[in-house]
Amino acid sequence: MDRLARMFVVGLTVPLAALVVAALVVRPDSLLQWLAVAATPFVASAIVASVYAYRSRGPLQPPTPRRAGARRP
């Protein structure tokens, strides 16, 4: 399986698995609990996207110091 296909499969299955786990753990009875369970896939999707973005680009580098009076490129 190539990297793009793996990312696609993980991007679909992790939020779905998080939804199932949240529904089984919380066992929603009230509207607030249902809203928390409904928000779970969106939060999981954001986490998966953040992890893939971090892994593909690497960590942010601190800015390099410039000499006084140097022109910006």
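Scroll up a little and you will see the structure.
Residues numbered from 1 in each chain as written. Predicted model: local features only at pLDDT ≥ 70, side-chain atom pairs only at ≥ 80, totals over all residues. Heavy atoms only, no water.

Draft legend 1. Spotlight on the overall build of the chain. Each helix and strand counted, the chain has 2 helices and 0 strands in total. Relative to its 73 residues, the chain shows a buried fraction of 12%. Only carbon and sulfur atoms are counted for the fraction: they give 68% of the accessible area of the chain, which is about 6400 Å². (Helix = DSSP H or I, 4+ residues; strand = E, 2+ residues; numbered from the N terminus. Buried < 20%, exposed > 50% of the residue type's maximum accessible area, 1.4 Å probe, protein only. Areas by Shrake-Rupley, 256 points an atom, 1.4 Å probe, with all protein chains shown as cover.)

Draft legend 2. Representation of unusual backbone geometry within the structure. Not every positive phi belongs to a glycine, and Arg-27 is a case in point at roughly 45°. With respect to the helices and strands, Arg-27 occurs in the loop between helix 1 (3-26) and helix 2 (31-57). Of the residues examined, Arg-27 reaches a relative accessible area of 60% and is grouped as exposed.

Draft legend 3. Geometry of the packing of helix 1 against helix 2. Between helix 1 and helix 2, the shortest axis-to-axis distance is 9 Å and the interhelical angle comes to 150°. With respect to helix 2, the element helix 1 is oriented roughly antiparallel. For the crossing formed where helix 1 meets helix 2, the hand is right-handed. Counting all contacts with helix 1, which are made through Arg-3, Arg-6, Met-7, Val-10, Gly-11, Val-14, Pro-15, Ala-18, Leu-19, Ala-22, Ala-23 and Val-26, the residues of helix 2 involved are Gln-33, Val-37, Thr-40, Pro-41, Ala-44, Ser-45, Val-48, Tyr-52 and Ser-56. The residue inventory of the contact of helix 1 with helix 2, partitioned by class, reads 14 nonpolar, 5 polar and 2 charged. (Axes fitted to C-alpha atoms, helices over the stretch in contact; angles between N-to-C directions. Parallel < 35°, antiparallel > 145°, perpendicular 65-115°, else oblique. Left-handed = near helix turned anticlockwise from the far one by under 90°. Contact = heavy atoms within 4.5 Å. Nonpolar A, V, L, I, M, F, W, Y, C, P; charged D, E, K, R; others polar.)

Draft legend 4. Just helix 2, in detail. Between the first and last C-alpha of helix 2 there are 39 Å, a value that for 27 residues agrees with the 39 Å anticipated at 1.5 Å per step. Most pronounced at Thr-40, the bend in helix 2 amounts to some 30°, and the proline Pro-41 follows within four residues. Where helix 2 is concerned, the buried positions are Val-37, Thr-40, Pro-41, Ala-44, Val-48 and Tyr-52. Elements in contact with the buried residues of helix 2: helix 1. (Expected span 1.5 Å × (residues − 1). Bend = angle between axes of the 7 residues up to and from the residue.)

Draft legend 5. Seen up close, helix 1. The first and last C-alpha atoms of helix 1 sit 34 Å apart over 24 residues, in line with the 34 Å expected at 1.5 Å per residue. Taken from the residues just after helix 1, Arg-27 is the one with a positive phi, measuring 45°.

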